[in-house]
Structures are given as C-alpha cells and as structure tokens.
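# Coordinate analysis (summary)
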Amino acid sequence: MTNPLHKLSGEGVAVWLDDISRERLRSGNLQELIDTRSVVGVTSNPTIFEKALKEGDAYDAQLHDLAARGVSVDEAVRFITGYDIRWAADVLRPLYDSTDRTDGRVSLEVDPRLARDTERTISEARALWWMVDRPNLMIKIPATVEGLPAITAALAEGISVNVTLIFSLERYRAVMDAFLAGLEKAKENGHDLSRIQSVASFFVSRVDTEVDKRLDTIGTDAAKELRGRAALANARLAYEAYEEVFGSQRWKALEAAGAQPQRPLWASTGVKDPSYPDTVYVTELVAPGTVNTMPEATMEAAADHGEIVGDTVRGGYAQARADLAALAEVGIDMDDVVKLLEDEGVVKFEKSWKELLAMVASRLGSAG
C-alpha cells in the first residue's frame, strides 16, 4: 500500500519536518524520515530548539566548551543552533542536489526581537547566512511591514528566504511583491537566480483557533456551522493569489532568467481542536508547487491514515469566497483576526526566543 506521504509528494507537495534536534541528527532519525516519510526539508524555531535542549545529553559537550570560554548567552544560542542547522543541511544536501536546488532545505530564524526593525533584520540575515555557510539554508524573516524590505534586501544579496508569519491575503500579496523585487535586484547585482529559493509560510490552524473562538462567542446556529472553515478558505484563496502573481509577465521575465517561484508553504498545520480530523490541514491543502511543514505527530498521522485524493485547493476558490462572506455576515471581521494573529505571533515568537535564551543560560550555568 502506498504511503500517503509518498502520494502527497506525487501530487507536488513537498513534505518538510517542523522540528530539529541534535539527538534526531546523531541518531540518524532525520535520515530515516527522509527515507520513510518523504521528508525533503526542515524548519526550525526557538521553541523547537528549547525543547531539544531540555532532552538528553546531546548538547552537553558543546555547552561545557561554551561555558569554559565564557561566551555570552546570545552567542551561545547562535553556536548551538548554527551547529544543528549545518548538520541538518548536510544531511539534506543530496536532496538539494537531486531536486535542482528546490528542496533539501533547512530554515533558521532571525532573532524575533528584531521583527519591527528592518535594518537589524537585514544585518542578522547576513550574519546567519555567513555563519551557517550552506547553500541549502533558508533564513526565516517575518512578514511584518518592517520585514518586507528586509526580505527584498536579503534576496537581492542572493540569500534564500523563508518568509514566516503570514496570515492575511493582503500581506501575502505584499510578500510576493517583495520577493519579485528582491529577485529583480539580485539579477541587477549579477546573482545566479537559480540558486535563490524562497517559500512564503502561510499560517493555517491559528486562523481557525481565533475565528472559532469568536464564532463560539457569537453562539448562533449559523455561526456554529462555520467553525473550521476560515483557515482552509483563507489558504485556498492565498493559492489563487499565488497562481495569479506567478502567471504574470513580471514573473515570466524573471523565470526566463532562471528564477524559481516562491512556493506557498502551509505552516501551523498541527490541529488544535481535537474535534477536527488530525490530518485536515494536510489532506485539504493539496496543490502542486506547495510545501507542507508538519510537526512529527501530524506527519505520523498523515502517514498512517491521511487520505490523499488529489488537488483539494484549486477547485475550491468559489466555496472559499462564500465561506469568508458567510463569516462576515455573522460578524467575523477577518481583517481584525489576521491583524491580531500577526501581533500575537510577533509577541509569541519573541517570548519563545527569550525562553530559549533562559534555557541556554541555565544550561551554561550548570555546565560551568
């Protein structure tokens, strides 16, 4: 019987793992997931690294050395995360080579405390790109208003970018514009466009969590009927926007110069509401040229019982618009929803970063 994740890959969806740890790397588990779960990429974030540091002894030797050298906590975080990202990039390198640089990618996030600071985000992206020094790296930059010019600037310098924290269709269009502008500048700067990759991480489950909460507060039968529809509708219309932009003459000029499209990446695909199928943000967002980054639990659920029935996005644009219209009719302001989610996302990312710093500080103290 065909593994559903293999079938998902056959539909043009790249399967990425939303997790990393040194134990996963040294045990060979990442390679095992590549071999058995069709994994072709990895994403990371501060919460993932904090969790990894809590478990086992994989970081003990490095922490001892960092403590002995008396490095700052911020510097230690970059040494620790950089080591894991380089290792993962090396494991994924054969996929990077065999997919003509499309997959085999691993993402590392800029300091979330810089999300509202364009210049420092650009400087941080440069520093991380230099530090990891792997062609299959992607630097994660948030899609805040201040992040947009940083995205363009990084791409213009030949840095591959994973744009994170996208919730709204309007902001997604701005992200695609920033991507095109970055490639146009990269071309002017003499960079090989075929070596620059980007994904646009469109968050899914958090949209349903916030909208469903508001629907429950409204409490009418009409409102209850709309639970669980907002996130998929939002994501499907994002793909429609993607098709429009990457069918334009502006894009075709870049494509002729060797550029690869910025793929939509479905992020936050772990189901938060236990009443929903645990694979809903996988099976209902199947479309060619996309990426789905999954926590391991979601990946295992999809491998076990995910039903992949072909494209579940492109035939659903009219229904998606109808669902968003129905949500508006019962009083859901999607503009307010996505603004809140972005603001909360920035705060949560910053909180996660501070928790990672605290964890590293504690481990350095113990190691010292």
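Look up a bit, the structure's there.
These remarks concern the structure in this document. Bear in mind the structure is a predicted one, so any value in this text is a computation, not a measurement.

### Here we look at the overall build of the chain
- Scanning the chain from terminus to terminus reveals 17 helices and 8 strands.
- A compact globule built from 368 residues would reach a C-alpha radius of gyration of about 21 Å, and the chain, at 20 Å, matches this within 12%.
- Split into buried and exposed, the 368 residues of the chain put 57% on the buried side.
- Considering only contacts in the chain between residues 6 or more positions apart, those separated by 24 or more positions represent 79%.
- Accessible area for the chain stands at about 15000 Å²; split by element, carbon and sulfur atoms hold 51% of it.
- Averaging the coordinates of the 42 positive side-chain charges in the chain and doing the same for the 59 negative ones gives two points 3 Å apart.

### Some thoughts on unusual backbone geometry
- If you check the backbone angles, Asp-100 has positive phi at about 55° while not being a glycine.
- Mapped onto the elements, Asp-100 comes out in the loop between helix H6 (73–98) and strand S3 (105–109).
- A positive phi angle, close to 75°, is found at Arg-101, a residue other than glycine.
- With respect to the element layout, Arg-101 can be found in the loop between H6 and S3.

### Structural notes on the environment of Ala-200
- Take Ala-200: it is sitting in strand S6 (residues 198–203).
- A relative accessible area of 1% places Ala-200 in the buried class.
- Separated by 97 residues in sequence, Ala-200 and Asp-103 place their C-alpha atoms 14 Å apart.
- With near-sequence residues (within four places) excluded, Ala-200 lies in contact with Val-163, Ile-166, Tyr-172, Val-175, Gln-262, Arg-263, Pro-264 and Leu-265.

### A closer look at the packing of H6 against helix H17 (residues 334–367)
- Following both chains from N to C, one finds H6 and H17 inclined at 95°, their axes separated by 9 Å at the closest point. One element, H6, and the other, H17, form an angle in the roughly perpendicular class. Only Trp-353, Leu-356, Leu-357, Val-360, Ala-361 and Leu-364 of H17 make contact with H6, whose side of the interface consists of Val-73, Asp-74, Ala-76, Val-77, Arg-78 and Ile-80.
- Of the residues in the contact of H6 with H17, the class split is 10 nonpolar, no polar and 2 charged.

### Topic: helix H16 (residues 317–329)
- Look at H16: 18 Å from first C-alpha to last across 13 residues, which is about the 18 Å you get at 1.5 Å a residue.
- Listing the buried residues of H16 in full gives Tyr-317, Ala-320, Asp-323, Leu-324 and Leu-327. Down the axis of H16, the buried side of the element spans an arc of 120°, and every buried residue falls inside it. In H16, the exposed positions that point more than 90 degrees away from the buried face belong to Ala-318 and Glu-329.

### Observations regarding the sheet that holds strand S7 (residues 263–267)
- Taken in spatial order, the 8 strands line up as S1-S2-S3-S4-S5-S6-S7-S8 and close into a barrel, and their pairing is parallel. Neighbouring strand axes in the sheet, compared pairwise and without regard to direction, differ in orientation by 30° on average.
- The pairing of strand S5 (residues 161–166) with S6 spans 4 bridges and is parallel. If you follow Asn-162 over to S6, its bridge partner there is Val-199.

### Considerations on the pattern of salt bridges
- Overall, the coordinates contain 39 salt bridges when judged by the stated rule.
- In this structure, Arg-134 and Asp-90 form a salt bridge, with 2.8 Å as the shortest nitrogen-oxygen distance. Of the two residues, Arg-134 sits in the loop between helix H7 (118–132) and strand S4 (137–142) while Asp-90 sits in helix H6, which places them 44 residues apart along the sequence.
- With its nearest N and O atoms 2.8 Å apart, the salt bridge here joins Asp-336 to Arg-214. Here the residue Asp-336 occupies a position in helix H17, and Arg-214 occupies one in helix H10 (residues 205–218), the gap between them amounting to 122 residues.
- Connected through shared salt-bridge partners, Arg-116, Glu-146, Arg-171, Lys-339, Glu-342 and Asp-343 make up one network.

### With respect to the layout of surface pockets
- In this structure, the largest pocket occupies an estimated 530 Å³ of space.
- The wall of the largest pocket is formed by 25 residues, among which Asp-18, Asn-45, Phe-203, Arg-206 and Phe-349 lie closest to the centre.
- The element best represented in the lining of the largest pocket is H17, accounting for 4 residues.
- Here the lining of the largest pocket is built from residues that sort into 7 nonpolar, 11 polar and 7 charged.

Cut-offs used in this document
- Residues numbered from 1 in each chain as written.
- Predicted model: local features only at pLDDT ≥ 70, side-chain atom pairs only at ≥ 80, totals over all residues.
- Heavy atoms only, no water.
- Helix = DSSP H or I, 4+ residues; strand = E, 2+ residues; numbered from the N terminus.
- Rg over C-alpha atoms; globule rule 2.2 N^0.38 Å.
- Buried < 20%, exposed > 50% of the residue type's maximum accessible area, 1.4 Å probe, protein only.
- Contact = heavy atoms within 4.5 Å.
- Areas by Shrake-Rupley, 256 points an atom, 1.4 Å probe, with all protein chains shown as cover.
- Lys, Arg positive; Asp, Glu negative; His and termini not counted.
- Charge placed at Lys NZ, Arg CZ, Asp CG, Glu CD.
- Axes fitted to C-alpha atoms, helices over the stretch in contact; angles between N-to-C directions.
- Parallel < 35°, antiparallel > 145°, perpendicular 65-115°, else oblique.
- Nonpolar A, V, L, I, M, F, W, Y, C, P; charged D, E, K, R; others polar.
- Expected span 1.5 Å × (residues − 1).
- Arc of directions from axis to C-beta.
- Pairing = 2+ DSSP bridges.
- Salt bridge = Lys/Arg side-chain N within 4 Å of Asp/Glu carboxyl O.
- 1 Å grid on protein atoms, 1.4 Å probe; cavity = no way out; pocket = protein on both sides within 12 Å on 5 of 7 lines; lining within 4 Å.
- Points joined across faces, edges and corners; volume = space filled by probe spheres on them.

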